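Residues per chain, in single letters:
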Amino acid sequence: MLAVASMGFLASCGDDTEPTPGGPDDPALAALAADNGTVEIFFTNIAGTDPSISAAAGQNVTVSVRIKKTPDGSRPQKLRVWDATKEGTRGTQYGTTIDLRNIDDQTKTVDYVVPSVSGTRYVYFEVDESNSKFQRKLLKVSVSGTATVASWTGLVLGAQNNPNGSRVASATGDIYTVCDVAENMKYIDLTYALLPNNIQNTPTILSNPQRAIEGLATTSNPPATSPCAGTSINTGGGRATYFAVATETIFNTADETVLKNLSVSATNPQKITVAAGKVYAFQNSDGKKGLIRVSSLDLNSTNGGTITIDVKVQR
């Protein structure tokens, strides 16, 4: 009986040693299983078939991820982000799991803070599908000592009653129509309208909170043809953004150093009257500074007209 008890004791005393970080038993270095899903995943603000960016340690990289069900494929369920130091390995989960709510076509925005370790990070965006399937998209982040700039060209925003979205996130270049506004409010820092609201003859770029001050609506009831028809959408609130006039010649050559030193701050107004061919500086509530170049204005449309802008902003 003593022998049996002793053997039971020995059997119950397993090896409690924790895996060695970076060692062969580290689960973060486990090889990734092959994708078996069908959902389409692509970045709307980072181009290329092998997308990659450079960023300084501590920079916040905002990634806009579009997830789309294929005609005969499974529906997206969850989005997880994995941060690895070696390509083709599991890494560790970054942030929390994002619920995709079985929507067939949607865009999610993810903030990734670049670690203070040199080299390349392999950031996997993994979508779980129904039927226990999954699909991934890889973003390579080269950690350097140089802060970088995000830039977007040809963004078309609509004024009141125009079918084009009137709100944009400078970090991603995503333009939001009313159905997407509430979910992405924390990223929206530039909006367009014709002021004053009762006359609508002055093209104006303004923050989203400023819209309420100008008498613009803070709720919207989408038409029957809209994907979110039948719901009342809250379009008010959001982040402050401040604006100032800038020199036209500064835009083409502006790098991160130029943007950082722009003469705009939280003491500037949250709206500015704009004109075609002019350049304007802005600073959002994150302290990120940028430039807006007005490429063209359409003020003669019967449905509110549009503005086309190019944007550069600190990443």
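A few points on the structure. (Residues numbered from 1 in each chain as written. Predicted model: local features only at pLDDT ≥ 70, side-chain atom pairs only at ≥ 80, totals over all residues. Heavy atoms only, no water.)

A count of helices and strands for the chain gives four helices and 20 strands. For the C-alpha atoms alone, the extent of the chain along its principal axes is close to 95 × 45 × 35 Å. Excluding contacts between residues fewer than 6 apart, the proportion of contacts in the chain whose partners are at least 24 apart in sequence is 63%. Entry remark: accessible area of the chain is about 15,500 Å², with carbon and sulfur atoms responsible for 51%. (Helix = DSSP H or I, 4+ residues; strand = E, 2+ residues; numbered from the N terminus. Contact = heavy atoms within 4.5 Å. Areas by Shrake-Rupley, 256 points an atom, 1.4 Å probe, with all protein chains shown as cover.)

Let us now look at the pairing of strand 7 (residues 119-129). With respect to burial, strand 7 is a largely interior element, nine of its 11 residues being buried. Two elements, strand 4 (residues 76-84) and strand 7, share eight bridges in a ladder whose sense is antiparallel. The residue of strand 7 that forms the bridge with Ala84 is Tyr122. Bridge count between strand 7 and strand 8 (residues 134-144): 10 bridges; the pairing is antiparallel. (Buried < 20%, exposed > 50% of the residue type's maximum accessible area, 1.4 Å probe, protein only. Pairing = 2+ DSSP bridges.)

Pairing within the open sheet is antiparallel, and its three strands lie in the order 1-3-6. One side of each edge strand has no neighbouring strand; the edge strands of this open sheet are strand 1 (40-43) and strand 6 (105-113). Going from strand to strand, the sheet's axes swing by 25 degrees on average, the running direction of each strand aside. Sheet topology note: the strand 3 (residues 60-68)/strand 6 ladder contains nine bridges and is antiparallel. Each bridged residue has a counterpart across the sheet, and for Val61 the counterpart in strand 6 is Tyr112. (Axes fitted to C-alpha atoms, helices over the stretch in contact; angles between N-to-C directions.)

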